[in-house]
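# Observations on the three-dimensional arrangement
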Amino acid sequence: MESGCIFCKIIAGEIPAEKVYEDDEILAFRDIQPAAPTHVLLIPKAHIPTVDDLEAGQDELIGRILRTAAVVARQEGLEAGYRLVTNCGRGAGQEVFHLHVHLLGGRPFGWPPG
Ligand code: DGP
């Protein structure tokens, strides 16, 4: 737990969130500012600030986060497809420095992304 980290506070139950999945290592909850009809954030419970901070020992955790995204997408009925986004660094739009994967679905998506 990193003091001052909003997502660590959500994990600790200090800030409420609408959880859609939880296990020992991973939490998924609805984004407070949804950018699509379904907008879920998947986070590791360990405080890892960005993709740049990942270590080799965390490869399995990241794989599990992606597989969990697929489980949540199924749960949310996103048969038409969905988008997974991870912003890394301020230049890419990262605002919360606790690694997270956005799961977006329920509307069409353009490419390239904005
Ligand atoms: P990013 O820009 O990639 O760092 O995305 C951070 C996302 O986190 C953004 O879409 C809004 C969301 N968010 C920020 N604070 C909270 C919060 O307190 N609760 C929830 N559920 N989502 C939050």
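Owing to the predicted nature of the structure, the values given are computational and were not obtained by experimental measurement.

## A short note on the overall build of the protein
The helix and strand tally for the protein stands at two helices and five strands. Start at the N end of the protein and walk to the C end: the helices and strands fall as α-β-β-β-α-β-β. Taken over C-alpha atoms, the radius of gyration comes to 14 Å for the protein, in line with the 13 Å a tight globule of 114 residues would show. Looking at the protein alone, contacts between residues at least 24 apart form 54% of all its contacts between residues at least 6 apart. For the protein, the accessible area works out to roughly 6800 Å², and carbon and sulfur atoms hold 51% of it. With 10 positive and 16 negative side-chain charges, the protein shows a spacing of 6 Å between the two charge centroids.

## A word on a nonpolar patch on the surface
On the surface, a cluster of nonpolar side chains totalling about 250 Å² of accessible area is made up of Leu66, Tyr82 and Leu84. Note on placement: Leu84 falls in strand 4 (residues 82-85).

## What about helix 2 (residues 59-75)?
Its 17 residues place the ends of helix 2 25 Å apart at the C-alpha level, agreeing with the 24 Å of an ideal helix rising 1.5 Å per residue. Within the span of helix 2, buried status applies to Leu61, Ile65, Thr68, Ala69, Val72 and Ala73. With its buried residues spanning 145° around the axis, helix 2 presents them on a single face. With respect to the buried face of helix 2, the exposed residues turned more than 90 degrees away are Asp59, Glu60, Arg67 and Arg74. Buried residues along helix 2 sit in contact with strand 1 (19-22), strand 2 (26-30), strand 3 (38-44), strand 4 and strand 5 (101-105). Directly beyond the C-terminal end of helix 2, a positive phi value near 75° is found at Gly77.

## Remarks on the nonpolar core
Grouped together as the largest cluster of nonpolar side chains are 15 residues, with contacts concentrated most on Ala28, Val40, Leu42, Ile65, Val72 and Leu103. Breaking this core down by element, the ones donating at least two residues are strand 2, strand 3, helix 2 and strand 5. Top contributing element to this core by residue count: helix 2, with five residues. Excluding residues that lie within four positions of it along the chain, Ala28 makes contacts with Glu18, Lys19, Val20, Tyr21, Val40, Leu41, Leu42 and Val72. By size, the runner-up hydrophobic cluster in this structure holds eight residues, among which are Cys5, Phe7, Leu27 and Ile43.

## Comments concerning the side chain of His98
Among the secondary structure elements, His98 is positioned in the loop between strand 4 and strand 5. Note on His98: relative accessible area 0%, which makes it buried. There is a polar contact of 2.7 Å between the side chain of His98 and the backbone oxygen of Pro44. What His98 contacts, discounting residues up to four positions off in sequence, is Cys5, Phe7, Cys8, Ile11, Ile43, Pro44, Lys45, Ala46, His47, Ile48 and Pro49.

Cut-offs and rules
Residues numbered from 1 in each chain as written. Predicted model: local features only at pLDDT ≥ 70, side-chain atom pairs only at ≥ 80, totals over all residues. Heavy atoms only, no water. Helix = DSSP H or I, 4+ residues; strand = E, 2+ residues; numbered from the N terminus. Rg over C-alpha atoms; globule rule 2.2 N^0.38 Å. Contact = heavy atoms within 4.5 Å. Areas by Shrake-Rupley, 256 points an atom, 1.4 Å probe, with all protein chains shown as cover. Lys, Arg positive; Asp, Glu negative; His and termini not counted. Charge placed at Lys NZ, Arg CZ, Asp CG, Glu CD. Patch = residues over 30% accessible without salt bridge, like charges linked within 9 Å, V, L, I, M, F, W, Y side chains within 5 Å. Salt bridge = Lys/Arg side-chain N within 4 Å of Asp/Glu carboxyl O. Expected span 1.5 Å × (residues − 1). Buried < 20%, exposed > 50% of the residue type's maximum accessible area, 1.4 Å probe, protein only. Arc of directions from axis to C-beta. Core = buried A, V, L, I, M, F, W, Y, C linked by side-chain atoms within 4.5 Å. Polar contact = N/O pair within 3.5 Å; in protein donor to acceptor, adjacent residues only side chain to side chain.

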